[in-house]
Amino acid sequence: MYDDHYWMAHIGDPAFEYHVALTRIWGIVALRLSNADILPFDFGFNAASLEQFLRELEQKSKSRNGDYR
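Computed from a predicted structure; not experimentally measured.

Draft legend 1. Representation of the overall build of the protein chain. When helices and strands are tallied, the protein chain shows three helices and zero strands. Counted from the first residue to the last, the protein chain has its helices and strands arranged as α-α-α. In terms of overall dimensions, the protein chain is more spread out than a globule: its C-alpha atoms have a radius of gyration of 20 Å, far above the 11 Å expected for 69 residues. Each principal axis of the C-alpha atoms in the protein chain carries an extent, and together these give about 50 × 40 × 15 Å. Positive and negative charge centroids in the protein chain, built from 7 and 10 side chains respectively, lie 7 Å apart.

Right, dumping it as structure tokens:
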């Protein structure tokens, strides 16, 4: 959000090498997903991870703000 073209060209990634690498990775991911007969998603694992993240977030919010809801 705060990284504009000037910052990226002079400080963040002057040669834009990371941009090229990420574009290639996302291209490979898109090709693999588009050719897959069954999408390789593990919804049970995703749901369990999301539940754990929400518990941690709730605990952190309680410790910072007291027990307000």
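That covers the picture; the talk isn't over yet.
Draft legend 2. Broad picture of unusual backbone geometry. A positive phi angle, close to 55 degrees, is found at Phe 16, a residue other than glycine. Take Phe 16: it is sitting in the loop between helix 1 (5-12) and helix 2 (17-35). Residue Phe 16 is classed as partly exposed on the basis of its relative accessible area, which comes to 26%.

Draft legend 3. Region of the structure containing the packing of aromatic side chains. All chains considered together, the criterion is met by one aromatic pair. Seen in terms of ring centroids, Phe 41 and Phe 43 are 6.1 Å apart; in terms of plane orientation they differ by 55 degrees. Their pairing is tilted. With a relative accessible area of 62%, Phe 43 lands in the exposed category.

Rules of the game
- Residues numbered from 1 in each chain as written.
- Predicted model: local features only at pLDDT ≥ 70, side-chain atom pairs only at ≥ 80, totals over all residues.
- Heavy atoms only, no water.
- Helix = DSSP H or I, 4+ residues; strand = E, 2+ residues; numbered from the N terminus.
- Rg over C-alpha atoms; globule rule 2.2 N^0.38 Å.
- Lys, Arg positive; Asp, Glu negative; His and termini not counted.
- Charge placed at Lys NZ, Arg CZ, Asp CG, Glu CD.
- Buried < 20%, exposed > 50% of the residue type's maximum accessible area, 1.4 Å probe, protein only.
- Phe/Tyr/Trp six-rings, centres within 6.5 Å; stacked < 30°, edge-to-face > 60°.

Purely geometric stuff here, so don't read any function into it on its own.
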